[in-house]
Amino acid sequence: MTGGEAEATARPALPRVDLVRVAGIAAFVLALAAYVQYKGLPRQGYQVVIILWLATVVWDIRRPLREHVAFIRDWWPPFAVLLFYLYSRGVSDDLGIFSVHYSEPIEADRWLFGGVLPTQWLQEQLCGVPCRQSLPPAWYDVVLTTVYYSHFFAALAIGAVLWKRNRDAWVHYMRRYLVIISASVVCYVLYPMAPPWMAARDGYMTDDVARITGRGWFDLTASTGSTTTAHQNVSAIGNQVAAMPSLHSALAIFIAWWAITHFTSRWRWTVLLYPASMLFSLVYYAEHYVVDEIAGALLVAVVVAGWSRWDRRRARRAAATVTGSSADGDEGGDEDGLSPDRRTASLSP
């Protein structure tokens, strides 16, 4: 063997580039960019699910069609729940069952902070008096606006990654996610509540308080107004008094809980910066009161604790079933009659 041949043999082979995958991803990114340009950022869960499905298709574009269809089979329950959330949340304030609450959350926040209203104080310190969305944004506005909009896709994107990597973990995660959303709808119907910006608009607090959620991206969209329009013009089936509990807070806390309890690195605690910045932005941008965020945290705690108890009871029943089957000489039995593959992709308890 010559020196050149030996050197060529010792040199590690470069990984092959899958040109089909690269082309698919490029097409997906361009299509998504065009969608955002003309339709705005996706703000509804069902839209995000469709986008995530297409992302999984282009990522594994060489996979058989049945594997891409499996996403639809597994995700139709979350898709249906998200549609139900969208429409039921949108009509809950039109049912006429309960009147919209304005004063109670204002009084609660003032009681918590010694007579100071956190939203008003933060806007005075960080925005100005009066605070308006058109004012030049500071660097922290860019960060906080980005954090706020991440709510619309972060939790579902994590679910899509889990679906690809570990179906058992996906079921565990999605069950809790969907119950949090469903329970919030019940709260919105029973206790419709105006957020701070609406209370200021309707004369329940100083009109110096403004809804400035899109302020961080104002310079990027001032020419077209796309972000401002998407922010101000809520969908006709949206519900602007669905503030208690804060679902933005609840899902940010849920994501942090999931990361901390499923990873072992000491760096996992840095994920707490996500809910911290989300909760700060919601109060600063007049989207929620602090009491809304406390309610969101309590909702997550109740759902997580409830599912943990359910899982423990089910594990005990399964262990008892396996023990009884072994004693009877029944090998290969399963408590729910499903094959492991189908069971891991099922969201039903």
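From a predicted model like this one, the values you see are computed outputs, not experimental measurements. (Residues numbered from 1 in each chain as written. Predicted model: local features only at pLDDT ≥ 70, side-chain atom pairs only at ≥ 80, totals over all residues. Heavy atoms only, no water.)

**Q** Honestly, unusual backbone geometry in this entry has me stumped. Any pointers?
**A** Only a minority of non-glycine residues have a phi that is not negative, and only a minority of peptide bonds are not trans. The linkage connecting Val129 with the following residue, Pro130, adopts the cis geometry, with an omega of -10°. Note the cis peptide between Met244 and Pro245, where omega equals 0°. Positionally, Pro245 belongs in the loop between helix H12 (226-232) and helix H13 (247-262). Look at Ala286: it is not a glycine, yet its phi comes out positive at around 65°. Residue placement: Ala286 occurs in the loop between helix H14 (273-284) and helix H15 (290-327). (Helix = DSSP H or I, 4+ residues; strand = E, 2+ residues; numbered from the N terminus.)

**Q** So what exactly am I meant to see when it comes to the pattern of salt bridges here?
**A** Oppositely charged side chains can pair when the atoms bearing their charge come close. For the coordinates displayed, the defined rule picks out 9 salt bridges. Linking Lys164 and Asp60 is a salt bridge whose minimum nitrogen-to-oxygen distance equals 2.3 Å. Of this pair, Lys164 sits in helix H8 (residues 154-165) while Asp60 sits in the loop between helix H3 (45-59) and helix H4 (65-91), placing them 104 residues apart in sequence. On the accessibility criterion, Lys164 (36% relative accessible area) is partly exposed. For Asp60, a relative accessible area of 12% gives the class buried. We note a salt bridge from Glu287 to Arg211, for which the minimum N-O separation is 2.9 Å. Residue Glu287 is located in the loop between H14 and H15, and its partner Arg211 is located in the loop between helix H10 (196-201) and helix H11 (218-221); the two are separated by 76 residues in the primary sequence. As far as the burial class goes, Glu287 and Arg211 line up, both buried. One salt-bridge network, in which partners are shared between bridges, spans Arg21, Asp60 and Lys164. (Salt bridge = Lys/Arg side-chain N within 4 Å of Asp/Glu carboxyl O. Buried < 20%, exposed > 50% of the residue type's maximum accessible area, 1.4 Å probe, protein only.)

**Q** What exactly am I supposed to notice about the environment of Leu178 here?
**A** Relative to the helices and strands, Leu178 is located in helix H9 (residues 167-190). Between the C-alpha atoms of Leu178 and Phe79, which are 99 residues apart in sequence, the distance is 10.0 Å. Excluding anything up to four places from it in sequence, Leu178 contacts Pro78, Val81 and Leu347. (Contact = heavy atoms within 4.5 Å.)

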